[in-house]
Amino acid sequence: MSHDTQPSGWRKATAGLAIAERHAHAGERAAIPKARAFTAAKRVGPQIGLKPGDLLLLDTLGAFTQPQDWTAGRRPIVWASNAYLVERTGFSLSALKRHARRLTEAGVITFRDSPNGKRWGYRDAEGVIVEAYGFDLSPLAARAEEFEQLHAELQAERAECQRLKRQITITRRMIRARIEAAQRETLDGPWDRLSAFFDDLLARLPRRNACRETLEQLLPGFQKLLKRVETILLSSVEAVENSDQTPEERSEKSTKQNTVGAISDPHIQITNQLHIVTSTGSEIATTPNNKPDTKGQNDIETQRVEQSRKPQNMSDEPHFPTMIRACPEFSTWAKTMGEAIRNWHDLHRIAGQLGPMIGLSKLVWNRAQEQLGNRRATAALALVFEKHCAGEVTSPSGYLYGMIRKARAGELHLDRSFHGRLKRQTKLSAL
């Protein structure tokens, strides 16, 4: 079939039509299957300016073509009449022309015009087009790879936007939880001013369809504010711990207000003293009042130093397989980091990357490694991560800080916690 005949000139020439014709010449040399060409075009339809009606007409035209029309050296040309296309699509004649013109301007079809502007054509006995004039779908074949690349880029863009949105969501939840907890505990700090900064950041969040650039600009602001809030919060808590308040005064204050950090958390709750006040059925419960306060401030400080120097209780050395099974959410995220997890060393390296995902303060994470050692710190982070994902912990930094204090008192039993979670999982699966 020869395609050397040029258009007669009766159709109005446009820049889009000229570009579509160049694509048609390239498509004639390509060998792109029909299904691949149409799938690629429809996936990026909105991005290249096509509306649903345009895609409906494109599908209708494609139904007239045959597989052999899409082989190299041939063009898929459709010579269906306007009346027939109106019947098949339900469009009016003016709507049909509008959709065809938009497809042309988008560079996905062109026209193969006869001298008198009529559409016609015929095939030989093997179904090969011998001569035809009408809608030329060759540009689709030429642009299939371009559309596939565009689709891949769009998918990557969407995935990155989702990742940024998740990070912003986690970060802003952590900021809100910390500020509200500090205000309830009446801790010293510029909480009203920090709340104003937080509200300003929230107001700048787009409601929907946020582009990656906008999210990339907003995320550092939330992260910077979170770091500032955590720093002030930890300083305020430590100042309360070192204050001259008696245990009775602190206890009275804590009964009037909610605890800082682990709100509705069954494992650890942190008061102004960051003492452990509740436990699950498998953990020992203590209160601030259980500790004698008869030796004076100097004796207390001496006791703290000596206690921090005591060797860790190695009888509660976390068991790697048990921890992996008890923390499926943490294990799944760790595996998605793209590295093999063979031992504690591998997991510790990845844990440092997972902590920021739940808003864990680097200061608290470093302190956990210093006080607990890398293995126990990793196991503790896994437990915090798991409980945070389950909605049991709203302040990962405060929770982990409480675990550090519990470890210094020789009362942190990680394996006991992991076995408790495994039993709970077994009961839930049995329901």
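The preceding data block contains the structure.
Report on the accompanying structure.

What counts and what doesn't
- Residues numbered from 1 in each chain as written.
- Predicted model: local features only at pLDDT ≥ 70, side-chain atom pairs only at ≥ 80, totals over all residues.
- Heavy atoms only, no water.
- Buried < 20%, exposed > 50% of the residue type's maximum accessible area, 1.4 Å probe, protein only.
- Helix = DSSP H or I, 4+ residues; strand = E, 2+ residues; numbered from the N terminus.
- Arc of directions from axis to C-beta.
- Contact = heavy atoms within 4.5 Å.
- Phe/Tyr/Trp six-rings, centres within 6.5 Å; stacked < 30°, edge-to-face > 60°.
- Core = buried A, V, L, I, M, F, W, Y, C linked by side-chain atoms within 4.5 Å.

A few words now on helix α12 (residues 328–335). In an α-helix there are 3.6 residues to a turn, and that puts residues three or four apart on one side. Of all the residues in α12, the buried ones are Phe330, Ser331 and Ala334. Each buried residue of α12 sits inside an arc of 100° when the element is viewed along its axis, so together they form one side. Elements in contact with the buried residues of α12: α11 (320–326), α13 (344–354) and α15 (374–389).

Counted by the stated rule, this structure contains 7 aromatic pairs. Relative to Trp70, the ring of Phe38 has its centre 5.8 Å away and its plane inclined at 70°; by these criteria the two rings are edge-to-face. Taken together, the residues Phe38 in helix α2 (residues 34–43) and Trp70 in the loop between α3 (52–62) and β1 (77–78) connect sequence positions 32 residues apart. Classification of Phe38 as buried rests on a relative accessible area of 6%. Between Phe320 and Trp344, the ring centres sit 5.1 Å apart and the planes meet at 80°, which makes this aromatic pair edge-to-face. Placement of Phe320 in helix α11 and of Trp344 in helix α13 is noted, with a sequence separation of 24 residues between them. No difference in accessibility class separates Phe320 from Trp344, as the two residues are buried.

Quick look at the nonpolar core now. One finds Phe330, Trp365, Leu400, Met403, Leu414 and Phe418 to be the most contacted residues of the largest nonpolar core, which totals 37 residues. Contributions of two or more residues to this core are made by α11, α12, α13, α14 (362–372), α15, α16 (396–408) and α17 (414–430). Ignoring any residue separated from it by four or fewer positions in sequence, one finds Trp365 in contact with His348, Ala351, Gly352, Leu360, Ala377, Thr378, Leu381 and Leu400. Counting 33 residues, the second largest nonpolar core, distinct from the first, contains Ala30, Val78, Ala95 and Ala144.

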